[in-house]
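Examining the three-dimensional arrangement
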Amino acid sequence: MSEQTKIAEAPEQGVEIKDKAARDAAKRLETYEFGFSSDIEQEFAPKGLNEDTVRFISAKKNEPEWMLDWRLKAFRLWQTMEQPDWAKLDIPPIDYQDAYYYAAPKKKETLKSLDEVDPEILSVYNKLGIPIAEQEVLAGVEGARKVAVDAVFDSVSVATTFREELKKAGVIFLSISEAIREYPDLVRKWLGKVVPTRDNYFATLNCAVFSDGTFVYIPEGVRCPMELSTYFRINAENTGQFERTLIVADKGSYVSYLEGCTAPMRDENQLHAAVVELVALEDAEIKYSTVQNWYPGDADGKGGIYNFVTKRGLCQGDRSKISWTQVETGSAVTWKYPSCVLNGENSVGEFYSVAVTNNRQQADTGTKMIHNGKGTRSTIISKGISAGRSDNTYRGLVRVGPNAENTRNFTQCDSLLLGDECGAHTVPYIEVKNPTAQIEHEATTSKISDDQLFYAMQRGLDEEQAVALIVNGFAKEVMKQLPMEFAVEAQKLLAISLEGSVG
Amino acid sequence: MLKIENLHAEIDGKEILRGLNLEVNAGEIHAIMGPNGAGKSTLAYVLGGRPGYEVTQGSVTFNGEDLLAMEPHERAAAGTFLGFQYPVEIPGVSNVQFLREALNSQRKSRGEEPLSGGDFLKLAREKAALLKLDMDMLKRNVNVGFSGGEKKRAEMVQMGILDPKFAVLDETDSGLDIDALKTVGEGINAIMRKPDKAVLLITHYQRLLDYVKPDVVHVLAKGRIVKTGGPELALQLESEGYETVAA
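Residues numbered from 1 in each chain as written. Chains lettered and ligands numbered in written order. Predicted model: local features only at pLDDT ≥ 70, side-chain atom pairs only at ≥ 80, totals over all residues. Heavy atoms only, no water.

Moving on, we get to the overall build of chain B. Scanning chain B for helices and strands turns up 9 helices and 12 strands. Along the first, second and third principal axes, the C-alpha atoms of chain B reach 55 × 40 × 35 Å. Sorting the 247 residues of chain B into buried and exposed places 54% on the buried side. Of the side-chain charges in chain B, 29 are positive and 35 negative, and the distance between the mean point of each set is 3 Å. (Helix = DSSP H or I, 4+ residues; strand = E, 2+ residues; numbered from the N terminus. Buried < 20%, exposed > 50% of the residue type's maximum accessible area, 1.4 Å probe, protein only. Lys, Arg positive; Asp, Glu negative; His and termini not counted. Charge placed at Lys NZ, Arg CZ, Asp CG, Glu CD.)

Encoded structure:
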């Protein structure tokens, strides 16, 4: 493609443009449920990407010198790298200079609770339908399941709830900017240790310009008293979001972390390059669940989020466990491989994924299970659903190192096709350097059958209900891994994503 | 209740039904018998509204309404039910979930309140008992891993729960042993033998008719009803064969 993809236009504040944006947004709302744009004062870093941009971001965050150095080193490295092209994705060239790398809601004062959050921000969350569980907790309903929300709004955490209660348990749950200032030793010890600065083009870019994100530390022997939950939302027009998440579970601890995402409608393609690093020490367990429904672009593939994410978990300690569960329905382009590095003896890695693509969406997603320790085990269950003219690729690596005795992997990749213009692809890589390993791989590809559709419709379901039911059944093995609050949302999301895809 | 006039239907351009006429009144049970390839299953699918079965001529009305103009789910909500010869498996979806969604969807389009989880389970338990199907079977995924006989009994439990006014049962007796045949026959009577309901039983054999006594028996051959009579016609077919009777 000759024309470069614009990831940004100038953020003019003219009334005319605003009105036009409002008109356009209203038009688009008809097709995208979460397509609304809220009007909060922004502070932009100057357009483009150079060392000054990196210094600007670091200064905005009041970062210590070592952090700035770390960013600059990454930036210089990134300049020598090239965007990878091995994925089965057709991405127009991206002009990285034609974007804004930082936008933050203007801070009026330090907030103590969600009550003090800008009502407009809260109303955005209301439109997103933040689950009842949180609302109950916020309203102080006794016995309600506790979910702490660290709300990431356009790159900056504006409020953190339940910090006190978590503090009592010794759990640290902060925005990463705060953590860099308040717990520099802890952050410095682990930041970039799972996903090194030079890992890949997008991860390196993230190291240079990450604007905010989340830091979690669970101390030794502590079972985190609530589910931790972060709502990401890309709100500023034309700002890519570069989140950085670091979760460290110390010996014998447990944490379940939920990440949910929606983005408002955008015409321009928006760049998103997040990095998530997980560390599980001896006997620790981390469960990381994601529901992602960013704007996928319209039916012709215009607009939509470009999602280049590096997620990796390090099972460093013996008997540690990291489990990734993802339901991916959004984004125009998804490039994402949540992985586990199984160093500790008898450590366990799990990957459960549902990826839905419709219209012109492209997804190349899967996992890597790196077995280095003895007796390590991994499970991969991937369910790909393609509709419209979309392409959906599972790409997975299972690697067993020479010293990893008696390891086991089970992989199951199922693809479901709706219609005959979409594609499903399975690309498994298996590298085994130890003869005691047991590796199993099962793959199926099927079309949603006319028999099933007619049977369900003859019982009284309309076509969309029937498709939703069959698809949810297909994805059930993964859906049941989600925490309760998420499962219901995710089921609805599958149905919404596939509306109009049959018939 | 159901009126079929001069029905012509084809699949992939091949005409299967060639001018079929049939009228079923409330309170009646009709049996349709006929050799393989006569068009029995085609008739069932056309009444159910299966895509690919194209009606080229004729009409079907259900309680005066044009059945052929309705989508399959609208036909269900209107009170028709198709018992499948080969019930379909839906992996990952339990019978309970499937039927509750289906029933509530039907109720919604009729302007009725949805049935609560508790009320639904009560209803399901009652109908399962009627067909001697273990309730645990209904918690399993739709028809997945069911034996032939279990599928047919589950099919009748579905009918009991959805409570249609008119049912087309396509070879519901196939794959059943003697005991199951009796159970299914009694189930059909309990659910459908009512003054305001009617059934069209499609079958090859007389044996189901020992349990579900038809009021009218038709012989279908080459896409048309070629002979109509009382229950004795089924017995005659059984002893003399289709060729003699339908000739």
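From this point on, the discussion continues.
Before going further, it helps to examine the environment of K194 of chain B. Residues and elements named next belong to chain B. Relative to the assigned elements, K194 resides in the loop between α7 (178-192) and β10 (198-203). Classification of K194 by relative accessible area gives partly exposed; the value is 35%. The spatial distance from the C-alpha of K194 to the C-alpha of T80 is 15 Å, given a sequence separation of 114 residues.

Right, let's talk about the sheet that holds strand β3 (residues 29-33) of chain B for a bit. All names here are of chain B. Strand order across the open sheet formed by 6 strands is β6-β9-β10-β3-β11-β12, with mixed pairing between neighbours. In this open sheet, the two edge strands, each paired with only one partner strand, are β6 (80-83) and β12 (224-229). Neighbouring strand axes in the sheet, compared pairwise and without regard to direction, differ in orientation by 20° on average. Relative to β10, strand β9 (residues 166-170) is paired through 5 bridges, and the arrangement is parallel. The residue of β10 that forms the bridge with F166 is A198. Together, β3, β6, β9, β10 and β11 (216-221) form the strand contacts of helix α1 (residues 40-48), whose direction differs from that of β10 by roughly 145°. (Pairing = 2+ DSSP bridges. Axes fitted to C-alpha atoms, helices over the stretch in contact; angles between N-to-C directions. Contact = heavy atoms within 4.5 Å.)

What follows is about the sheet that holds strand β2 (residues 14-24) of chain B. Residue and element names in this part refer to chain B. Read across the sheet, 4 strands follow the order β2-β1-β4-β5 without closing on themselves; strand pairing throughout is antiparallel. Two strands lie at the open edges of the sheet, namely β2 and β5 (65-66), each paired on one side alone. Alignment of strand β1 (residues 2-11) against strand β4 (residues 53-62), held across 8 bridges, turns out to be antiparallel. Looking across to β4, one finds that I11 is bridged to Y53. Strands in contact with α1 are β1, β2 and β4; relative to β1, the strand with the most contacts, it is inclined by about 110°.

With that settled, consider the interface of chain B and chain A. Across the boundary between the two partners, chain B contributes 32 residues, which contact 18 residues of chain A. Roughly 2,100 Å² is buried in total at the junction of chain B and chain A, and carbon and sulfur atoms are behind 63% of that figure. Where chain B meets chain A, there are 2 salt bridges. Applying the counting rule to chain B against chain A returns 14 residue pairs in polar contact (both at pLDDT 80 or more). (Buried area = accessible area lost by both parts, 1.4 Å probe. Salt bridge = Lys/Arg side-chain N within 4 Å of Asp/Glu carboxyl O. Polar contact = N/O pair within 3.5 Å; in protein donor to acceptor, adjacent residues only side chain to side chain.)

Right, let's get into helix α6 (residues 148-162) of chain B. Under the 1.5 Å per step criterion, the end-to-end length of α6 of chain B is 21 Å for 15 residues, consistent within 8% with the ideal 21 Å. With 13 of its 15 residues buried, α6 of chain B lies for the most part within the structure. (Expected span 1.5 Å × (residues − 1).)

Right, let's talk about the pairing of strand β15 (residues 333-336) of chain A for a bit. Residues and elements named next belong to chain A. In β15, alternate side chains face the same way, and those of V333 and W335 on one face and T334 and K336 on the other are all buried. Direction of pairing for strand β13 (residues 305-315) relative to β15: parallel, over a ladder of 4 bridges. Along β15, the bridge assignment pairs V309 with K336. Pairing of β15 with strand β18 (residues 362-371) involves 4 bridges; the strand directions are parallel. Of the residues in β18, the one forming a bridge with T334 is A363.

Residue and element names in this part refer to chain A. Interhelical geometry of helix α10 (residues 450-458) versus helix α11 (residues 463-474) gives an angle of 120° and a closest axis separation of 9 Å. As judged from the angle between their axes, α10 and α11 are oblique. Relative to α11, the crossing made by α10 is right-handed. For the pair α10 and α11, the contacting residues are Q452, L453, A456 and M457 in the first and E463, A466, V467 and I470 in the second. (Parallel < 35°, antiparallel > 145°, perpendicular 65-115°, else oblique. Left-handed = near helix turned anticlockwise from the far one by under 90°.)

The next subject is the confidence of the model for chain B. If pLDDT is low for a region, its predicted coordinates should not be looked at in detail. On average, residues of chain B score 94 in pLDDT, and 99% of them are at 70 or above. Under the prediction, the complex receives an ipTM of 0.96, its pTM being 0.80. (pLDDT = per-residue confidence, 0-100.)

Turning our attention to empty space enclosed by the protein. Residue and element names in this part refer to chain A. Applying the stated criterion to the full structure yields 5 cavities of 30 Å³ or more. In this structure, the second largest cavity encloses a volume near 80 Å³. Taken together, 15 residues line the second largest cavity, and the ones lying closest to its centre are S382, G384, N392, T393 and Y394. Where the lining of the second largest cavity is concerned, the elements lending two or more residues are β17 (348-357), β19 (377-386), β20 (391-400), β21 (408-417) and β22 (423-432). Split into classes, the residues belonging to the lining of the second largest cavity amount to 4 nonpolar, 9 polar and 2 charged. (1 Å grid on protein atoms, 1.4 Å probe; cavity = no way out; pocket = protein on both sides within 12 Å on 5 of 7 lines; lining within 4 Å. Points joined across faces, edges and corners; volume = space filled by probe spheres on them. Nonpolar A, V, L, I, M, F, W, Y, C, P; charged D, E, K, R; others polar.)

Formed by 113 residues in total, the largest nonpolar core has its most connected members in F98 and L201 of chain B. Residues W70, I94, A208 and V279 of chain A belong to the second largest nonpolar core, which totals 53 residues. (Core = buried A, V, L, I, M, F, W, Y, C linked by side-chain atoms within 4.5 Å.)

Another aspect to go through is the pattern of salt bridges. All names here are of chain A. Tallying each qualifying case throughout the model produces 26 salt bridges over all chains. R319 is the partner of D283 in a salt bridge, and the nearest nitrogen-oxygen pair spans 2.8 Å. Highlighted residues: D283 in the loop between β11 (275-280) and β12 (285-293) and R319 in the loop between β13 and β14 (321-328), separated in sequence by 36 residues. We classify D283 as partly exposed; its relative accessible area is 38%.

Each aromatic ring pair is characterised by the separation of its centres together with the angle its planes make. All names here are of chain A. All chains considered together, the criterion is met by 22 aromatic pairs over all chains. Note on W86 and W335: the rings are 5.6 Å apart at their centroids and 40° apart in plane angle, and the pair reads as tilted. With W86 in the loop between α3 (65-79) and β2 (103-105) and W335 in strand β15, this residue pair connects regions lying 249 residues apart in the sequence. Look at W86 and you get partly exposed, because its relative accessible area is 45%. (Phe/Tyr/Trp six-rings, centres within 6.5 Å; stacked < 30°, edge-to-face > 60°.)

Turning next to the packing of α6 of chain B against α7 of chain B. Residue and element names in this part refer to chain B. Between α6 and α7, whose axes approach to 10 Å, the crossing angle comes to 10°. The pairing of α6 with α7 is recorded here as roughly parallel in orientation. Touching R153, M156, M159 and G160 of α6 are T183, V184, I188, I191 and M192, all from α7. Considered class by class, the residues forming the contact of α6 with α7 number 6 nonpolar, 2 polar and 1 charged.

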